[in-house]
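What follows is each chain in one-letter form.
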Amino acid sequence: MRKLKLQVQVSVDGYIAASGGRTDWMIWNWGEEWNWDEMTETVDSVLLSRNMAEEGFIGHWANVAGKHAGKHDGDQYRFAERIVSAQKVVFTRTLEKSVWKNTVLAKGELEDEIGKLKNADGKDIIAYGGAEFASSLIKAGVIDEFQFFVNPSILGEGLSIFKEIGGIMDLALVSAKSYSCGVAVLVYESRKKKGK
């Protein structure tokens, strides 16, 4: 069965965005030590919220791949190329059709749609999205692996993805790696959720 991996940038105190949705505290330039291939080599499907898709995630990576087409230069190009070629599944209740390449819409119940994807052939699945989408995946108990990109910032308040988990979630550390830019990547596997 395929795994569903949630990848998010977070502050040290666990927020994925500051008040008002600000993300200007996130570090995007990780330097040469960062390996973009590590992010996508085990996945071939990408889950997105409608907001993430409409706000430009798909278009941004298509532009990066297009700028470097034929050159095949750099890790960022390979990441972009993988995102463009991956099957993308956009969860939506409002869109009627997809306008993006290699993209389908998921309009059914979250658990059912994720179950079908996990049972399909292929590599693992990675999810990107805002607080509401990530929270819904966590609450549904469908995340198999968390990839936290912990930025060296404390926000004090903001958007959390763990407000509605309904109990304690035990996680098992898979790996931890720090970068000179100050970001630490912590990867955890999900364990069974305990009641309140």
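Remember, predicted model here, so these are calculated numbers, not experimental data.

The rules behind the values
- Residues numbered from 1 in each chain as written.
- Predicted model: local features only at pLDDT ≥ 70, side-chain atom pairs only at ≥ 80, totals over all residues.
- Heavy atoms only, no water.
- Salt bridge = Lys/Arg side-chain N within 4 Å of Asp/Glu carboxyl O.
- Helix = DSSP H or I, 4+ residues; strand = E, 2+ residues; numbered from the N terminus.
- Buried < 20%, exposed > 50% of the residue type's maximum accessible area, 1.4 Å probe, protein only.
- Contact = heavy atoms within 4.5 Å.
- Phe/Tyr/Trp six-rings, centres within 6.5 Å; stacked < 30°, edge-to-face > 60°.
- pLDDT = per-residue confidence, 0-100.
- Arc of directions from axis to C-beta.

Peer 1: Describe the pattern of salt bridges, naming the residues involved and giving the relevant values.
Peer 2: Here the structure, examined in full by the defined rule, presents 9 salt bridges. As a salt-bridge pair, Lys 3 and Glu 189 come within 3.4 Å of each other at their nearest N and O atoms. Taken together, the positions of Lys 3 in the segment before strand E1 (4–10) and Glu 189 in strand E10 (residues 184–194) put the pair 186 residues apart, joining distant regions of the chain. Overall, Lys 3 belongs to the partly exposed group, its relative accessible area being 31%. The shortest N-O distance in the salt bridge between Asp 124 and Lys 5 comes to 3.4 Å. Separated by 119 residues along the polypeptide, Asp 124 in strand E6 (residues 124–128) and Lys 5 in strand E1 bring together distant segments of the chain. According to the relative accessible area criterion, Lys 5 is buried, its value standing at 7%. One continuous salt-bridge network, built from bridges that share partners, spans Lys 5, Asp 124 and Glu 145.

Peer 1: I'd like a rundown of the side chain of Ser 153, residues and numbers included.
Peer 2: Its place among the elements puts Ser 153 in the loop between strand E7 (145–150) and strand E8 (158–160). Setting aside chain neighbours within four positions, we find Ser 153 in contact with Ser 11, Val 12, Asp 13 and Trp 25.

Peer 1: Could you give an account of the packing of aromatic side chains, naming the residues involved and the relevant values?
Peer 2: For the coordinates displayed, the defined rule picks out 5 aromatic pairs. Taking the centre distance of 5.5 Å and the plane angle of 15° together, the rings of Phe 146 and Phe 148 count as stacked. Look at Phe 146 and you get buried, because its relative accessible area is 1%. In this structure Phe 148 comes out as buried when scored by relative accessible area, which is 10%. Taken together, the ring pairs in this structure connect Phe 146, Phe 148, Phe 162 and Tyr 188 into an aromatic cluster.

Peer 1: Explain unusual backbone geometry to me, and be specific about the residues and the numbers.
Peer 2: Non-glycine residue Asn 102 carries a positive phi angle of around 55°. With respect to the helices, strands and loops of the structure, Asn 102 is situated in the loop between strand E4 (87–91) and strand E5 (103–106).

Peer 1: Account for the confidence of the model for the protein, with residues named and values stated.
Peer 2: Summarising the model, the protein shows a mean pLDDT of 87, and 92% of its residues fall at 70 or more. Looking across the protein, the model is least confident in helix H1 (residues 37–40), with a mean pLDDT of 72, and most confident in E7, with 96.

Peer 1: Tell me what's going on with helix H5 (residues 110–119), and back it up with residues and numbers.
Peer 2: Buried within H5 are the following residues: Leu 110, Glu 113, Ile 114, Leu 117 and Lys 118. When H5 is viewed along its axis, its buried side chains cluster within an angular range of 135° and face the same direction. Counted as exposed and oriented over 90 degrees from the buried face of H5: Asp 112, Lys 116 and Asn 119. Packing partners of the buried residues in H5 comprise E1, strand E3 (43–49), E4, E5, E6 and helix H6 (131–140).

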